[in-house]
Amino acid sequence: MTTTGTASLDRYRKRWSWEKATFGTHCLNCLATCPYRVFSADGKVLFEEPAAVFDQVEAGVPDMNPMSCQKGSAWSVQLTAPDRLLHPLRRVGERGSGEWEEISWDEALGEAADAIVEAIDLEGPESVVFEETVEGGLLTQAPYLRFAGLIGAVTLDANGLINDFPAGHHITFGKFSCASSVDDTFHTELILIWHSNPSYTSIPYAHYITEARYHGSRVVCIAPDYSPSSLMGDTYVPIKASTDAAFALSMCQVILEEGLEKTDFLRSQTDFPLLVIASTRRFLRANDVVSGGKEDQFYWWDEVANALTEAPRGTLDPEAVRPALSGKFSVTLVDGTTVEVVPVAELMRERLQEYVPERASEICGVNPSVIRELAREASRKRTKIIEGFNTPKYYHGDLMERAMCLFLAVTGNWGVPGTGIQGLALAGLDGYMLFGMKQKPGVAETIRVMEGIEGAIASIGSQDPEASDEMVGYELLQRGLLSGTASPPAFFHFYHCGYKETWNRAEWSDPTMKRSFEDYVNDAVRRGWWGGLVKPGPSTDPQVLFIVATNPIRRQRGGSDTLLQNLWPKLEKVIVVDTRMSATALQADIVLPAAMQYERINLQYAITHSFRVGFSDQAVQPQGEARSEWQIFRALSEKVQERAAAQGVNEYLDGRRQPRRLDNLASAFTLNGAYESEEAVVDQWLRDSIEAGTLPEDGTLQSLREKGTTRFSGLGMFAPGLSLAANVEPDKTVTAFQWHVEDFVPFPTLTHRAQFLIDHPWFQEADEDLPRHKDTPKMGGDYPLLLTSGHSRWTVHAVSMGNPTLSGTHRGEPLAIVSAEDARSRGISDGDLIKVRNDRGSYEIRAKVAPRVRPGQVIVYNGWEPHMFSDWKGPNEVEPGMVKWLHLVSRYGHLRYLPFGWQPVPADRAVFVEVAKV
Ligand code: SF4
């Protein structure tokens, strides 16, 4: 070999030489836990590669290897990317001017601490507000949640900010995390990729769709555009954007019309047999029928005994009873009057007549024959809907989801392998849940806390012996809410951020509203539906805003200018903790640099998709002066305690008029020194999860360092883990809702069944007591084009936007995908700069002309940072961020606030715009 050849070989060998290999993952809101091998030398990460460490779970079902995506495979590039934050910064010019000075950690924390102490003293602790995040993993979230909890601050519910909340699932099932493990997809016979684009957004999991197809499953993609995921399917069903409810209801109509419905499934699992008073459309309740009867005891008509019979609350098994699914019956009420009652199924049949395929086709644009054929096919096949988080972002996304759930119900498609709906996928990690309840470290304390919880569960359960463990778990969560920090952010935005005027605009709202949005808010608050959760209240001015690992100025529905013009002037201090200089960090007063994955230890939040722990070890020291969030908030606790002592603010009352102290804040944060390091915290979470049964014995920190991951061994004792309602077996994929179907465990809804009739007066007022289609309100104004979105191929939100390697894989600038026809009629060519505008605002973006988009639709994928647009104005300028008024309903059975769950959320998809060449 020549000298040159040897030198090049040496260079190559050196390139791939390392000193240390650790496990890492990325702890993003990608809903994945991909284990990577991270190779480092001389204190630098050299490269990473997917670690194929998963065992096969079920014989015949492909394993999950390799789980990875291009963002994760280029993660290490971001550690030293130009946008990386390396030092604490203080603003020296106007907010947003980009003028900064580097300061010491001591100065930065001192300034933050002074602002917090002052805010507590002047306005109370609820004037200190944190934006919750789902980025960064559990060791990003836990520190600020712990700190906020100790001082009595407010944390704005993350799902109310990012609207990943599948409201239609919650309305139907009483829960919103309904996803089986992704390998369960292999058991499917008919896959409907619906309102999702997994080839972009679920890269580590999408192979199961292909593998299921090779295994014999048919794959159908239902989307308005010929999306990249359409290529995975056998059939593409083009549908007019936001008409999915009409399409789903039409398939339901066909199934009922042709007698293809799974009758026993509907009788057992759903509210179809429950009786409704025909004149009021209200469920017949025991207190209607007998004096002193229960408000939540419902009835059906037993066809065997031909008699009114109480529907059991403690089981879904009708046993010897044969509940009627049709007919009209007379019932004498407690006041002696006689009323006509009908099963919900009768009302549903009537509703579905509005969606016979020929009529539905006029709404959704799908040929009636396609509707009929797909309906028939689903009625005889194990069918799964692969849904993403697109639907929740539509104004009437709840109606679409309720219709999809109805479609699964009439075809008997949940609770058995290969069925159900893949949406939100939160699992339980009990050690994390127990963390804040422990008064000291160690397993003995864990056992004491768990015994206390079991006692509370037993006590709640004894008040309602027919409640399932899951229902009791939700009740337990509810009882802890008022002493917590969480608040649905819609109220914060309404009272403090200038959204009232926008949300009151009738022309952008649901035209069936009879009153202004403000009227509904006032009514809901007056009725106490959100009592104790509206924080900070209208009379408390927010003083300090903490933003940790999230980016509201990029993402805020309703335009970043709404926040900057209305909220920012009220704030004494804006403090951002992040790894990179985001659009939000640019608007801060103090910026604190955080360590990235690979520079600190971390756990991804528990996800049912992989059903495995996502573990990320520290491979190298953080760049510059960056610190982990645990270190930051531990140090801030010490600083607040110090500054509070100096200013004499040691005691105060929190928002519930309960006394709080700041003179023990530092020791409370670390539990008297037990949690000085994040390693100790992770170790405790894992040990406690083993104790609680959510992790196997090899779920220790040491074992994770050696193996990279472990599979969960149970659902744990808390909701949302229990909401999966599935057996966890070492050699079987995990199938959501198995307990409901196999063991007849009731659903946590008002009626204890999958509930399609919501007999709340506001739902009746909206004519949404049953699922239906409604046109998207004219959000943004009366314009001809519908702007839709979705996650881009290249980033997880904005997190990887600054990654030089990834930005080299695409045009490197934001683009709007415009149909060839719309482009032609407007004189727009590929690559032209265009203006997207409506009555809310405008921005400029490069056009990508593509035949895959239907005329009338424009797609702008999500995640571009404002600085990538001229004038720093991006897509949120044209998104009014309207909130569906109906979601202000609360205290109706299962429609009540839960963290990450039921609450009003803003819509950002399907706004109306016009585009023109600049
Ligand atoms: S970014 Fe998410 S999906 Fe991609 S490799 Fe990392 S964990 Fe997996």
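Refer to the preceding data block for the structure.
How each quantity is defined
Residues numbered from 1 in each chain as written. Predicted model: local features only at pLDDT ≥ 70, side-chain atom pairs only at ≥ 80, totals over all residues. Heavy atoms only, no water. Helix = DSSP H or I, 4+ residues; strand = E, 2+ residues; numbered from the N terminus. Buried < 20%, exposed > 50% of the residue type's maximum accessible area, 1.4 Å probe, protein only. Contact = heavy atoms within 4.5 Å. Areas by Shrake-Rupley, 256 points an atom, 1.4 Å probe, with all protein chains shown as cover. Lys, Arg positive; Asp, Glu negative; His and termini not counted. Charge placed at Lys NZ, Arg CZ, Asp CG, Glu CD. Expected span 1.5 Å × (residues − 1). Arc of directions from axis to C-beta. Disulfide = S-S within 2.5 Å. Near = heavy atom within 4 Å. Nonpolar A, V, L, I, M, F, W, Y, C, P; charged D, E, K, R; others polar. Patch = residues over 30% accessible without salt bridge, like charges linked within 9 Å, V, L, I, M, F, W, Y side chains within 5 Å. Salt bridge = Lys/Arg side-chain N within 4 Å of Asp/Glu carboxyl O. Phe/Tyr/Trp six-rings, centres within 6.5 Å; stacked < 30°, edge-to-face > 60°. Lys NZ or Arg CZ within 6 Å of the ring centre and 35° of its normal. Pairing = 2+ DSSP bridges. Axes fitted to C-alpha atoms, helices over the stretch in contact; angles between N-to-C directions. 1 Å grid on protein atoms, 1.4 Å probe; cavity = no way out; pocket = protein on both sides within 12 Å on 5 of 7 lines; lining within 4 Å. Points joined across faces, edges and corners; volume = space filled by probe spheres on them. Polar contact = N/O pair within 3.5 Å; in protein donor to acceptor, adjacent residues only side chain to side chain. Parallel < 35°, antiparallel > 145°, perpendicular 65-115°, else oblique. Left-handed = near helix turned anticlockwise from the far one by under 90°.

(A) Quick peek at the overall build of the protein. Per the secondary structure count, the protein includes 32 helices and 32 strands. Taken along its principal axes, the extent of the C-alpha atoms in the protein is 85 × 65 × 55 Å. By the burial criterion, 64% of the 918 residues in the protein qualify as buried. Intrachain contacts of the protein at a sequence separation of at least 6 include 74% that bridge at least 24 residues. Of the roughly 31100 Å² that the protein leaves accessible, carbon and sulfur atoms contribute 49%. Of the side-chain charges in the protein, 90 are positive and 120 negative, and the distance between the mean point of each set is 3 Å.

(B) Helix α18 (residues 443-463), seen in detail. Between the first and last C-alpha of α18 there are 30 Å, a value that for 21 residues agrees with the 30 Å anticipated at 1.5 Å per step. Residues E445, T446, V449, M450, I453, I460 and G461 constitute the buried set of α18. Across the axial projection of α18, the buried residues extend over an arc of 150 degrees, all falling on one side. Residues A444 and S462 are exposed on α18 and point more than 90 degrees away from its buried face. Along its buried surface, α18 packs onto α17 (430-435), α19 (469-481) and α27 (678-692).

(C) Broad picture of the state of the cysteines. The tally for this structure, following the rule as stated, stands at 0 disulfides. Summary of cysteine pairing: C252 is not part of a disulfide, and the nearest cysteine sulfur, belonging to C405, is at 10 Å. Take C252: its relative accessible area is 0%, and that puts it in the buried class.

(D) Layout of the site of the ligand. Lining the immediate surroundings of the ligand are T25, H26, L28, C30, A32, C34, Y36, S68, C69, G72 and P204. The class makeup of the residues in the shell around the ligand is 7 nonpolar, 4 polar and no charged.

(E) Main features of a negative patch on the surface. On the surface, E729, D731, E742 and D743 cluster together into a patch of negative charge. Relative to the helices and strands, E742 is located in helix α29 (residues 738-742). For E742, a relative accessible area of 46% corresponds to the partly exposed category.

(F) The packing of aromatic side chains, seen in detail. One pass over the full model with this rule turns up 44 aromatic pairs. Pairing F130 with F633 gives two aromatic rings, centres 6.2 Å apart and planes at 45 degrees, and the pair type is tilted. Here F130, found in strand β6 (residues 128-131), pairs with F633, found in helix α25 (residues 629-647); they are 503 residues apart in sequence, far enough to count as distant. For F633, a relative accessible area of 0% corresponds to the buried category. The cationic tip of R37 hangs over the ring face of F23; the distance from NZ or CZ to the ring centre is 4.0 Å.

(G) Just the pattern of salt bridges, in detail. Within this structure, the stated rule accounts for 67 salt bridges. R351 is the partner of D767 in a salt bridge, and the nearest nitrogen-oxygen pair spans 2.7 Å. With a gap of 416 residues between them, D767 in the loop between α30 (761-765) and β27 (785-788) and R351 in helix α13 (residues 344-352) connect regions that are remote in the sequence. R351 sits in the buried class, given a relative accessible area of 5%. Across the pair D523 and R515 runs a salt bridge whose closest N-O atoms are separated by 3.0 Å. Look at D523 and you get buried, because its relative accessible area is 7%. Since its relative accessible area comes to 28%, R515 is described here as partly exposed. Several salt bridges converge on common partners, so that one network encompasses R90, E101, E107, E111 and K573.

(H) Spatial organisation of the sheet that holds strand β30 (residues 842-849). Ordered by their spatial adjacency, 6 strands build a closed barrel running β27-β31-β28-β30-β29-β32, and the pairing between neighbours is mixed. Geometrically, the sheet is characterised by an average inter-axis angle of 45 degrees between neighbouring strands, direction not taken into account. Note: β27 against strand β31 (residues 857-859), 3 bridges, orientation parallel. Bridging across to β31, L786 finds its partner in Q857.

(I) Quick peek at the layout of surface pockets. As a volume, the second largest pocket reaches approximately 620 Å³. If you trace the second largest pocket, you find 29 residues lining it, with D296, E475, H752, G893 and R896 closest to the centre. Taken together, the elements giving at least two residues each to the lining of the second largest pocket come down to α18 and α19. Of the residues forming the lining of the second largest pocket, the biggest block, 6 residues, is contributed by α19.

(J) Quick look at empty space enclosed by the protein. Scanning all chains against the criterion turns up 14 cavities of 30 Å³ or more. In this structure, the second largest cavity encloses a volume near 460 Å³. T133, E135, A549, T550 and V799 are the residues nearest the centre of the second largest cavity, which is lined by 35 residues in total. Here the residues of the lining of the second largest cavity sort into 10 nonpolar, 14 polar and 11 charged.

(K) Region of the structure containing the side chain of S792. Position of S792 among the secondary structure elements: in the loop between β27 and α31 (804-807). Overall, the relative accessible area of 1% leaves S792 in the buried class. A polar contact of 3.2 Å, which involves the side chain of S792, links it to the backbone nitrogen of W794. Polar contacts involving the side chain of S792 include one to the side chain of T795, which spans 3.2 Å. Once residues within four sequence positions are removed from consideration, S792 is found in contact with Y200, Y861 and N862.

(L) Region of the structure containing the side chain of H773. Looking at the element boundaries, H773 is found in the loop between α30 and β27. Taking the relative accessible area as the measure of exposure, H773 reaches 7% and is therefore buried. Of the polar contacts made by the side chain of H773, one reaches the side chain of D775; its length is 2.9 Å. Setting aside its immediate chain neighbours within four residues, H773 contacts S242, T243, A245, A246, L249, Y355 and I363.

(M) Representation of the packing of helix α5 (residues 138-151) against α25. At a minimum axis distance of 8 Å, the contact between α5 and α25 shows a crossing angle of 15 degrees. On the basis of the axis angle, α5 is roughly parallel to α25. As for how α5 packs across α25, the hand of that crossing is right-handed. Of the residues in α25, those touching α5 at L139, T140, P143, Y144, R146 and F147 are E629, W630, F633, L636, S637 and V640. Here the contact of α5 with α25 is built from residues that sort into 8 nonpolar, 2 polar and 2 charged.

(N) How the structure looks around the pairing of strand β8 (residues 190-194). β8 sits mainly inside the fold: 5 of its 5 residues count as buried. Side chains L190, L192 and W194 project from β8 onto one buried face, and the interleaved I191 and I193 project onto a second face that is buried too. Summarising the sheet, β8 and strand β17 (residues 383-386) pair through 4 bridges and their orientation is parallel. Counted as the bridge partner of L192 is I385 from β17.

(O) Summary view of α25. Helix length check: α25 (19 residues) gives 26 Å between terminal C-alpha atoms against 27 Å at 1.5 Å per residue, within 8%. Inspection of α25 places E629, W630, I632, F633, A635, L636, S637, K639, V640 and A644 among the buried residues, and these make up the whole buried set. The positive-phi residue at the C-terminal boundary of α25 is G648, with phi of around 70 degrees.

(P) Region of the structure containing the packing of helix α4 (residues 105-123) against α25. Relative orientation of the contacting elements α4 and α25 amounts to 60 degrees, with a least axis distance of 8 Å. One finds that α4 runs oblique with respect to α25. Remark: the crossing between α4 and α25 carries right-handed chirality. Counting all contacts with α4, which are made through W105, D106, L109, G110, A112, A113, D114, I116 and V117, the residues of α25 involved are I632, A635, L636, K639, V640, R643, A644 and Q647.

(Q) A look at unusual backbone geometry. Between N65 and the following residue, P66, the backbone shows a cis peptide bond with an omega angle of -15 degrees. Examined against the element boundaries, P66 turns out to sit in the loop between β3 (44-50) and α2 (70-73). At the junction of K535 and P536, the peptide bond is cis and its omega measures out at -15 degrees in the coordinates. Relative to the helices and strands, P536 is located in the loop between α22 (517-526) and β20 (544-548).

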